[in-house]
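Okay, here's what each chain looks like letter by letter:
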There are 4 protein chains.
Amino acid sequence: MVRFAVIGCGRIGRMHARNIKAHPRADVTVVYDVAAAAAQETAAAVGCAVAATVDEALANPAVDAVFVASSTDTHVDLIALAAKAGKPVLCEKPIDLDMGRVEACWAEIAPLNPLVMIGFNRRFDPSFKAVRDRIQAGEIGRLEQVIITSRDPSPPPASYVKKSGGLFRDMTIHDFDMARYLAGDIVEVQAMGANLIDPAIGAEGDIDAAMLVLRAASGALVHINNSRRSVYGYDQRIEAFGATGMLQAQNRRATTVEAWGSARTGAMDPVLDFFIERYQDAYLAEIDHFVDCVENGTTPLSSFQEGREAQRLAEAALLSLRTGAVVRVADVGVS
Amino acid sequence: MVRFAVIGCGRIGRMHARNIKAHPRADVTVVYDVAAAAAQETAAAVGCAVAATVDEALANPAVDAVFVASSTDTHVDLIALAAKAGKPVLCEKPIDLDMGRVEACWAEIAPLNPLVMIGFNRRFDPSFKAVRDRIQAGEIGRLEQVIITSRDPSPPPASYVKKSGGLFRDMTIHDFDMARYLAGDIVEVQAMGANLIDPAIGAEGDIDAAMLVLRAASGALVHINNSRRSVYGYDQRIEAFGATGMLQAQNRRATTVEAWGSARTGAMDPVLDFFIERYQDAYLAEIDHFVDCVENGTTPLSSFQEGREAQRLAEAALLSLRTGAVVRVADVGVS
Amino acid sequence: MVRFAVIGCGRIGRMHARNIKAHPRADVTVVYDVAAAAAQETAAAVGCAVAATVDEALANPAVDAVFVASSTDTHVDLIALAAKAGKPVLCEKPIDLDMGRVEACWAEIAPLNPLVMIGFNRRFDPSFKAVRDRIQAGEIGRLEQVIITSRDPSPPPASYVKKSGGLFRDMTIHDFDMARYLAGDIVEVQAMGANLIDPAIGAEGDIDAAMLVLRAASGALVHINNSRRSVYGYDQRIEAFGATGMLQAQNRRATTVEAWGSARTGAMDPVLDFFIERYQDAYLAEIDHFVDCVENGTTPLSSFQEGREAQRLAEAALLSLRTGAVVRVADVGVS
Amino acid sequence: MVRFAVIGCGRIGRMHARNIKAHPRADVTVVYDVAAAAAQETAAAVGCAVAATVDEALANPAVDAVFVASSTDTHVDLIALAAKAGKPVLCEKPIDLDMGRVEACWAEIAPLNPLVMIGFNRRFDPSFKAVRDRIQAGEIGRLEQVIITSRDPSPPPASYVKKSGGLFRDMTIHDFDMARYLAGDIVEVQAMGANLIDPAIGAEGDIDAAMLVLRAASGALVHINNSRRSVYGYDQRIEAFGATGMLQAQNRRATTVEAWGSARTGAMDPVLDFFIERYQDAYLAEIDHFVDCVENGTTPLSSFQEGREAQRLAEAALLSLRTGAVVRVADVGVS
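These numbers come from a predicted model, not from an experiment. (Residues numbered from 1 in each chain as written. Chains lettered and ligands numbered in written order. Predicted model: local features only at pLDDT ≥ 70, side-chain atom pairs only at ≥ 80, totals over all residues. Heavy atoms only, no water.)

Trainee: Would you mind going over the interface of chain D and chain A with me for this structure?
Mentor: Buried accessible area, meaning the area lost when the parts come together, often serves as the stated size of an interface. The partner chain A presents 45 residues to the 45 residues of chain D that form the contact. Among the residues of chain D in contact with chain A, Met192, Leu196 and Met211 of chain D are the three that bury the most area, contributing 21% of the side total. There are 6 salt bridges connecting chain D and chain A. Between Arg237 of chain A and Glu239 of chain D there is a salt bridge whose closest N-O contact spans 2.9 Å. The tally of links between chain D and chain A comes to 16 residue pairs in polar contact (both at pLDDT 80 or more). Residue composition of the side of chain D that touches chain A, by class: 21 nonpolar, 15 polar and 9 charged. (Contact = heavy atoms within 4.5 Å. Buried area = accessible area lost by both parts, 1.4 Å probe. Salt bridge = Lys/Arg side-chain N within 4 Å of Asp/Glu carboxyl O. Polar contact = N/O pair within 3.5 Å; in protein donor to acceptor, adjacent residues only side chain to side chain. Nonpolar A, V, L, I, M, F, W, Y, C, P; charged D, E, K, R; others polar.)

What follows is the structure, given as structure tokens:
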């Protein structure tokens, strides 16, 4: 049984606390949130204690592992605290908006050889994982092209955009990680973006639509397209094209019903909205993978280094967006 | 080059005349219709002569084969005339509404060993033919179940129903033939029908919806469902289920476009409407098959006997509808 | 909080005990099984007590409701016991293999006005429920035809078949209930069956493939097709055809991955196998519905009477199979 | 009746000659090819004369229009000859591999106000045309993103690549035109390419895989992906994403058959191979559109200017590929 402290009891933290509770080999010992009411509510829902401080939560001997779901600016400190306490940590993405702080965090904890996993939930989606597994099993031969379609249902308020680090660091970060998950290390990034949806996002200096092309070290080319608005739901698809075949992971819907009428045929439901519904299975599998790693001392599929590399791609993309030129990833964020 | 006389220049006859014209190894020498204007129009469209009488058309030495597309009550006489003239004949279904006349026709012409093909166009549909070929190649093992869905876009006027012989003889006849095409000889028929759409059809003593179950000599069970009205278009599907797999032939649409919106996703066009559009490829392949048979002296896939057996199933179904009991096909229409 | 006694701790009982445990407003107080080890194992899994006898379980004041998942021959007695104890009961289908015992049970408990729900899980499948809800909301106009495809992955041993009551009472019972769920009361039944898969099943006097046609009081026609073997998985589909449209509920798969290669394109996973996986959501929704009924005193969607009527259709189908004639449901199983 | 001279009787020229012959308001008067045998063969197939020289063909008073299907290096001269002869001309793409010659050609003929159509067949594909028409009708609101997937079944010999002008000028040219057809004028181009399939293509200095991103003047972003090899057939898809919805044009297959088995479900045919089969309907519609333009004096959907602009995008892409930088289209190929 892996006993968790959950730090951060917002919507995401509560969801993870429930998922940990539901796992047959995991439980929540204690939760903490700067807002005491949120911590109380989550504690009541999963039947656990509330810690008065983060330190109290991490010092609890009945805590085997830490889940960090607090605000982004607290991540590197909490990862370091957990690592120093000798406790495995699963931290929501991103590690930090500032690559310098990400690198500094790693420099600090690397000697401890800590078990750190970053919450790239999509790696655990059954369909996306099947695409990766089947690529690696050789089903489509050498991987030549990947297309990642990733569109949110509706744009966040401009105020969120401001503090999120912008489209590439906040949203595309998942797609950069997916690119690496499927195609391996990325060596070049080209980005084009636009402000097509909400002028307030543009006023904050951010974009709300983007198309990128990446080149992997393997030679494969990867396209990512993003939009902050998709009226038919949270559009999450992958296409992997290889020398001997192609694999596509399609969207998911609430039912399998198709409607036929005089105006149209085979019409299906809108796609699942939003990430909590769409990636429900993935979040459960993510916890399961982390519990496995804790139990067996194995390295997570989405380690700290994976999180750092995804962020490096975001930095590369920002640079390409600004200059219009292809950016070599090796030239970015070198510590 | 196979040179045709086309007898009957209604909508169907004109379509066939054009298809013959377009065939690289066939041509239309002469056309005939009781309505001289219709014959003239078709002759102009395909660039051929008009015959003053059927006899003149059939006696023309530049006629190698006869296409019969005239009204049903003329079919048996025209088949017999062509057979006696030693000319291969391709006749629209049905042979005749009266099984006695069908049997008498065959008794008369059988000694001549004529080449007679009945226009069961669906046997030549590329998708349905692929299902049959793949069944016969063993792809799904022993055939156990067949489901034939066959729904017209909209009901004919009750006046047509009256003279058509009713749903089973006029519409289901194609499905009976398809059952035989896929599952072989049929030994038992159960039918249930209803008048759900147009009361005027019921007033003529006919039904406009039906569900049937047939047992093949092979042991396979076959379900046919019919409706005289399908608002999403001409619904023509087949499912063949076997010991090691299943094959489905789906509907056809004018484009491959799928529409995604806030209310629905993946919505496609209505299905092709009506038989001339839906079975365009099939009609062309039907002519091609007949030309092959004429050139090589081979037996058509849809011979006179096939046409007779399909009609026998219609008679069996009518009897089952009347009595509520399963009908043994062997007890029906014995000549 | 609705506190359950679970009677019967086989595979199905254990699954339900876990599902009850996972429900936010339900819990398991006590379990019972004739095999003490099975009861112990389930009790350990969900953290509850073990009763030494059924009476002890039902008499427990901390038991608000009873789940009956024991062998079929115990159902009517347990339903009666629960009803007399004034406790709502959710009982797995079928009520009993003998219609006389079903009727007698109802006669005994009807005066108590008990809350009895029969476990027709498919009524709670999100897709099938959506089809029903959308029919009732008028989306496809008057319902004219229903096609229920229901094929198990592989045949049970002949020994099971023997004591199960045969295909219609054991397997088709779900489809009879689905027919009623979608089309309402059924007035006529026609059945055709065959022994195509396992000769040992035939040797027991049973069939392993069937096609039926039913007529609803509303006028709608319903087709059911069954097979005891489907190599591509547990085939569970519904098509509802109406005056203004059609709704189809398709099969479910583990992922949304489609594979494209030189031999084929768009190939998907086999469909989910078997009922515990395929109807996982349905089983959870079934518990939720029962808990709602207990809390609010409302009548379940799948009441005792619904269970009885589905069985009456099984009896009608058996009679039709034997006689080859359409059977009027009103003539069957009158108490 | 529009009477054609067809110049060039290779595989493409012969196909067009047959299509013209089949058109109800068009005919072929004369054909010409530098290889007399090819011209003879085509003339025999469509029943027309053979010209000894191009001049003879164009001077023929029974010629109303000219179809140019000869080698690329002859296009501009033939277009100019036809324009000077006052005859409308439909010319296969590309106009010329050299933008200077393209510009010079236009400078020469522009004063004549000629009717020149370039054979961008894909504009006439029923599905792609439906996507454009529905975008323009406002179905998906403002167009924000377009994804064009365009993959050939197998790479041409390196010798062809050498004289074709390379991937962008030879193959992507169609996709550049499609981008303009759907999204209007393009202002920026970013290109990334790779040699992943045939080293001999790389040895000729060309690429066989590419991913590009374009920005339209409207603000829309467009992604194009290309491969010279697609084992599942000629992959031709379009996705148009807008503020209120999305439209996708999917691939086409020879049949609608889906296969279900123990290893996979819903498997369809490979997609149609190659352009003559895939775009059969488009080629017929292209002729029809040109005949309409000739009859009514209207401007073709794919005019000389459209052809020139598509080529300008190819030049921009080549420059981006070389420099790694985004290229402003306005800076390319200014005459």
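Here the narrative resumes, following the displayed structure.
Trainee: Is there a simple way to explain unusual backbone geometry in this structure?
Mentor: Leaving glycine aside, a negative phi is the common case for residues, and trans is the common case for peptide bonds. Residue and element names in this part refer to chain A. Look at the link from Lys93 to Pro94: it is a cis peptide, with omega at -10°. By secondary structure assignment, the location of Pro94 is in the loop between β5 (89-91) and α5 (99-109). The phi dihedral of Asn113 is positive, around 50°, even though this residue is not glycine. Inspection of the secondary structure puts Asn113 in the loop between α5 and β6 (116-118). (Helix = DSSP H or I, 4+ residues; strand = E, 2+ residues; numbered from the N terminus.)

Trainee: Help me understand the side chain of Glu92 of chain D, please; the structure alone is not making it clear to me.
Mentor: All names here are of chain D. Along the chain, Glu92 turns up in the loop between β5 (89-91) and α5 (99-109). Comment: no salt bridge for buried Glu92; closest opposite-charge side chain is Lys93, at 6.2 Å. Side-chain polar atoms of Glu92 contact the side chain of His16, separated by 2.8 Å. Among residues more than four places away in sequence, those in contact with Glu92 are Ile12, His16, Phe67, Val68, Ala69, His75 and Gly119. (Buried < 20%, exposed > 50% of the residue type's maximum accessible area, 1.4 Å probe, protein only. Lys, Arg positive; Asp, Glu negative; His and termini not counted.)

Trainee: Whenever I open this one, the interface of chain D and chain C confuses me. Can you help?
Mentor: With 16 residues of chain D at the contact, the number on the chain C side is 16 residues. For the pair chain D and chain C, the summed buried area comes to about 1,300 Å², and 60% of that belongs to carbon and sulfur atoms. When the buried surface of chain D facing chain C is broken down by residue, Trp260, Arg264 and Thr265 of chain D rank first, second and third, together holding 39% of it. Our enumeration of links across chain D and chain C arrives at 0 salt bridges. One can count 6 residue pairs in polar contact (both at pLDDT 80 or more) joining chain D with chain C. The residue makeup of the side of chain D that touches chain C, split by class, is 8 nonpolar, 5 polar and 3 charged.

Trainee: Sorry if this is basic, but what is going on with the sheet that holds strand β12 (residues 245-249) of chain D here?
Mentor: Pairing between the strands of a sheet comes from backbone hydrogen bonds, and it takes one of two forms, parallel or antiparallel. Spatial strand order, β13(B)-β12(D)-β11(D)-β7(D)-β10(D)-β9(D)-β8(D)-β14(D): 8 strands in an open sheet with mixed pairing. The sheet terminates laterally at β13 (257-260) of chain B together with β14 (327-328) of chain D, the two strands that pair on one side only. Of the strand pairs in this sheet, strand β8 (residues 186-194) of chain D and β14 of chain D are connected by 2 bridges, and their pairing is antiparallel. Within β14 of chain D, the position partnered with Val189 of chain D by the bridge is Val327 of chain D. (Pairing = 2+ DSSP bridges.)

Trainee: Please explain the packing of aromatic side chains as it appears in this structure.
Mentor: In this description, a pair of aromatic rings is defined by centroid distance and the angle of the planes. Counting across every chain of the model gives 36 aromatic pairs over all chains. Here Tyr234 of chain C and Phe274 of chain C contribute two aromatic rings whose centre-to-centre distance is 4.7 Å and whose plane-to-plane angle is 70°, an arrangement assigned as edge-to-face. Of this pair, Tyr234 of chain C sits in the loop between β10 (221-227) and β11 (235-242) while Phe274 of chain C is found in the loop between β13 (257-260) and α10 (275-278), placing the two residues 40 residues apart along the sequence. A relative accessible area of 25% means that Phe274 of chain C is categorised as partly exposed. The positively charged end of Arg278 of chain B is found above the aromatic ring belonging to Tyr279 of chain B, 4.6 Å away from the centroid. Cation over ring: Arg237 of chain C sits above Trp260 of chain D, and NZ or CZ is 5.9 Å from the ring centre. (Phe/Tyr/Trp six-rings, centres within 6.5 Å; stacked < 30°, edge-to-face > 60°. Lys NZ or Arg CZ within 6 Å of the ring centre and 35° of its normal.)

Trainee: Is there a simple way to think about the sheet that holds strand β14 (residues 327-328) of chain B in this case?
Mentor: Strand order across the open sheet formed by 8 strands is β14(B)-β8(B)-β9(B)-β10(B)-β7(B)-β11(B)-β12(B)-β13(D), with mixed pairing between neighbours. What marks the edges here is a single partner per strand, and that holds for β14 of chain B together with β13 (257-260) of chain D. Across the face of the sheet, helix α12 (residues 304-323) of chain B comes into contact with β8 (186-194), β9 (209-216) and β14 of chain B while running at roughly 50° to β8 of chain B. (Axes fitted to C-alpha atoms, helices over the stretch in contact; angles between N-to-C directions.)

Trainee: Even after reading the chapter, I still don't get the side chain of Lys87 of chain A, so can you show me in this structure?
Mentor: Residues and elements named next belong to chain A. Inspection of the secondary structure puts Lys87 in the loop between α4 (75-84) and β5. Despite being buried, Lys87 has no salt bridge partner; Asp64 is the closest side chain of opposite charge, sitting 6.9 Å away. Polar side-chain contacts of Lys87 include one of 3.0 Å to the backbone oxygen of Val63. Not counting the four nearest positions on each side in its chain, Lys87 is found in contact with Leu58, Ala59, Asn60, Val63, Asp64, Val66 and Ala82.

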